[in-house]
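# Structural description and commentary
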Amino acid sequence: MEIIMEQFDEDKYKRAKKKVEDLKGFYIHSMVYLVINTFILINIYNHTDDFWQWPHFVTLAAWGIGLGFHAIKTFAYNPFFGKNWEAKQIEKYMEEDKKEIDKYR
């Protein structure tokens, strides 16, 4: 029994450590995003007459989309397949199975 508990604790530790590493990676990614894009935008602002043009913000937007996907992965957010969706699908398939079984009674 002691060996099982040790293995369980070790698995919990590994999962917690992985979550912390993922979170740390996301925070580093966020900081690099802010620093680099701030530098790029300040540089563009100082060297152009017309700052408000779409091409000046392409890097900011594209990288922001990537950062958003990183956040979704890190925080395990899934708006399409959340717990409610899973519960509804399970209920749906259980109901279908019940109807199929009832056909043969």
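Residues numbered from 1 in each chain as written. Predicted model: local features only at pLDDT ≥ 70, side-chain atom pairs only at ≥ 80, totals over all residues. Heavy atoms only, no water.

## Section: a negative patch on the surface
Defined as follows: Note on patches: the residues involved have over 30% relative accessible area and no salt bridge, like charges join within 9 Å, and the nonpolar side chains Val, Leu, Ile, Met, Phe, Trp and Tyr join within 5 Å. Shrake-Rupley sampling with a 1.4 Å probe provides the accessible areas, and residues are treated as covered by the protein chains on show and by no other component. What makes a salt bridge here is a side-chain nitrogen of Lys or Arg within 4 Å of a carboxyl oxygen of Asp or Glu, nothing more. Charged residues are defined narrowly, with Lys and Arg counted positive, Asp and Glu counted negative, and His plus the chain ends left uncounted. By convention, the point assigned to a charge is CZ for Arg, NZ for Lys, CD for Glu and CG for Asp. Put simply, DSSP marks the helices as runs of H or I at least four residues long and the strands as runs of E at least two long, and each gets a number from the N terminus on.
Residues E91, E95, E96 and D97 make up a contiguous surface patch of negative charge. Among the structural elements, E96 can be located in helix α3 (residues 83-103).

## Considering the packing of aromatic side chains
Ring pairs (aromatic) are described by centroid distance and by the angle formed between their planes. Our working definition: What counts as a ring pair is set by centres within 6.5 Å for rings of Phe, Tyr and Trp (its six-membered ring), and what kind of pair is set by the plane angle: stacked under 30 degrees, edge-to-face over 60, tilted for all other angles. Think of it in three bands: with a 1.4 Å probe and only protein chains considered, a residue is buried below 20% of the maximum accessible area for its type, exposed above 50%, and partly exposed in between.
Overall, the coordinates contain seven aromatic pairs when judged by the stated rule. Here F26 and Y27 contribute two aromatic rings whose centre-to-centre distance is 5.9 Å and whose plane-to-plane angle is 50°, an arrangement assigned as tilted. Using a relative accessible area of 10% as the deciding quantity, one classes F26 as buried. With a centroid separation of 5.4 Å and 80° between ring planes, the pair formed by Y45 and F51 is classed as edge-to-face. Look at F51 and you get buried, because its relative accessible area is 12%.

## Describing helix α2 (residues 58-74)
Heads up, the condition is: For a helix, the expected span equals 1.5 Å multiplied by the number of residues minus one. Starting at the helix axis, one direction is taken to each C-beta atom, and the arc is that of these directions.
Compared with the 24 Å implied by 1.5 Å per residue over 17 residues, the 24 Å span of α2 between its first and last C-alpha is a close match. Along α2, the positions that sit buried rather than exposed are L67, A71 and T74. An end-on view of α2 places all buried positions within 60° of arc, on one side of the element. Summarising the geometry of α2, the exposed residues directed more than 90 degrees from the buried face are I65, F69 and K73. Following α2 by one or two positions, A76 has its phi on the positive side, about 50°.

## What about the pattern of salt bridges?
A complete count under the given rule lists three salt bridges for this structure. The partner of D22 in a salt bridge is K18, and the shortest N-O contact between them spans 2.9 Å. Taken together, the positions of D22 and K18, both in helix α1 (residues 2-47) and four residues apart, correspond to about one turn of that helix. Relative accessible area serves as the criterion here: at 45%, K18 is assigned to the partly exposed category.

## A word on the environment of T48
Inclusion rule: Any pair of N or O atoms that falls within 3.5 Å is considered a polar contact. Within protein, one atom must be able to donate a hydrogen and the other to accept it, and sequence-neighbouring residues count only if both atoms are side-chain atoms.
Checked against the element boundaries, T48 lands in the loop between α1 and α2. On the basis of relative accessible area, T48 is assigned to the partly exposed category, the value being 30%. In the structure, T48 is positioned 20 residues away from G68 in sequence and 29 Å away in space, judged by C-alpha atoms. At 2.8 Å, the side chain of T48 and the backbone oxygen of I44 are in polar contact.

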